[in-house]
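What the coordinates show
Chain by chain, the residues:
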Amino acid sequence: MPYKFTFDLTKVPRFFFTEVARISYRKGMHRTFLNRLQNIITKFRIQEATGLNLSDALVLLQDFIDLQALNLMKRKEFLESNKRALFLPHCARRYMDSRCKANFDASIPSYACSHCSEDCLVNRADCLAKERGYDVYVLPGGSCIPKILKTNRYEGIVGVACGEEMRVYGEILGGMDVAGQAVPLIKNGCANTIFNMDTFVKTI
Ligand code: SF4
Ligand code: SF4
């Protein structure tokens, strides 16, 4: 399920994400956690940069922190995993229409990138992950994951998606013996979405 709002954090200073990572370590230790989140939103002018109201900005920031906390918790186990898969969101393809030359295999179901556009995030992520031995899936939605995991015994998963979709991933992976790592979208909208390539490379 998509968020009820759209956001674009591509112009927010990189330090914002460092701050998110820092606060994730300390999550649960702050009595005034909500105040802290509001301070960050003010400090980085998130509402001005995104046009979000305060409650939507809080939902977004909370999701970023939850994902980062989960990444930290699972990092060691993930680094020790051997057989890994990458789940990319179809919305991050350069094109969402027939200009995208990916082949869709309904039996998986997943797109397979044909590398038609150099400036396509999915193309770059697909190449980098395959160089490192990952199986790569470009998914139309998180509900495809159980079928993939039933037929493949992956030990480590990297998932790229918006926070909302990541909750679906979390619910699915929660009951399985798989170490997950999340790379959140920094621009949502279900088309022409963006994730940070530096974060992606560090994660895989
Ligand atoms: S590079 Fe791959 S995912 Fe991107 S538009 Fe082309 S075929 Fe589609
Ligand atoms: S932004 Fe992308 S990952 Fe999130 S719900 Fe829309 S299509 Fe799925």
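Described in the following lines is the structure provided in the data block. As the structure is a computational prediction, the values presented were derived from the model and not from experiment.

We now examine the overall build of the protein. What the protein contains, in helices and strands, is eight helices and seven strands. For 204 residues, the compact-globule estimate of 2.2 N^0.38 gives 17 Å, and the protein sits close to it at 17 Å. Burial status across the protein gives 48% buried among its 204 residues. Taking the contacts inside the protein whose residues are at least 6 apart along the sequence as the reference set, 69% of them involve residues at least 24 apart. Side-chain charges in the protein split into 28 positive and 21 negative, and the spacing between the mean points of these groups amounts to 3 Å.

A few words now on the site of ligand 1. With respect to spatial proximity, the complete set of residues near ligand 1 consists of Arg93, Cys100, Lys101, Ala102, Cys113, Ser114, His115, Cys116, Ser117, Cys120, Val122 and Asn123. Residue classes in the shell around ligand 1 are distributed as six nonpolar, four polar and two charged.

Where helix α4 (residues 54-79) meets helix α7 (residues 163-174), the closest approach of the two axes is 10 Å, and the angle between their N-to-C directions is 40°. Comparing their axes, α7 and α4 come out oblique. Pair α4 / α7 crosses with left-handed handedness. Every residue of α7 that contacts α4 at Val59, Asp63 and Leu67 is listed here: Gly163, Glu164, Met166 and Arg167. Here the residues of the contact of α4 with α7 are counted per class, giving three nonpolar, one polar and three charged.

Topologically, Ile46 is positioned in helix α3 (residues 46-50). Ile46 gets classed as buried once you look at its relative accessible area, which sits at 3%. Sequence-wise, Ile46 and Pro13 are 33 residues apart; in three dimensions their C-alpha atoms are separated by 9.9 Å.

Residues Leu9, Phe16, Leu86, Leu88, Phe195 and Phe200 are the most contacted members of the largest nonpolar core, which totals 50 residues. It is α4 that provides the largest number of residues to this core, a total of seven residues. Once residues within four sequence positions are removed from consideration, Leu88 is found in contact with Val122, Ala125, Asp126, Val136, Tyr137, Val138, Leu139, Val160 and Phe195. In terms of nonpolar packing, the next biggest core, distinct from the first, is built from 18 residues, Ala85, Leu149, Tyr169 and Leu173 among them.

Parameters at a glance
- Residues numbered from 1 in each chain as written.
- Chains lettered and ligands numbered in written order.
- Predicted model: local features only at pLDDT ≥ 70, side-chain atom pairs only at ≥ 80, totals over all residues.
- Heavy atoms only, no water.
- Helix = DSSP H or I, 4+ residues; strand = E, 2+ residues; numbered from the N terminus.
- Rg over C-alpha atoms; globule rule 2.2 N^0.38 Å.
- Buried < 20%, exposed > 50% of the residue type's maximum accessible area, 1.4 Å probe, protein only.
- Contact = heavy atoms within 4.5 Å.
- Lys, Arg positive; Asp, Glu negative; His and termini not counted.
- Charge placed at Lys NZ, Arg CZ, Asp CG, Glu CD.
- Near = heavy atom within 4 Å.
- Nonpolar A, V, L, I, M, F, W, Y, C, P; charged D, E, K, R; others polar.
- Axes fitted to C-alpha atoms, helices over the stretch in contact; angles between N-to-C directions.
- Parallel < 35°, antiparallel > 145°, perpendicular 65-115°, else oblique.
- Left-handed = near helix turned anticlockwise from the far one by under 90°.
- Core = buried A, V, L, I, M, F, W, Y, C linked by side-chain atoms within 4.5 Å.

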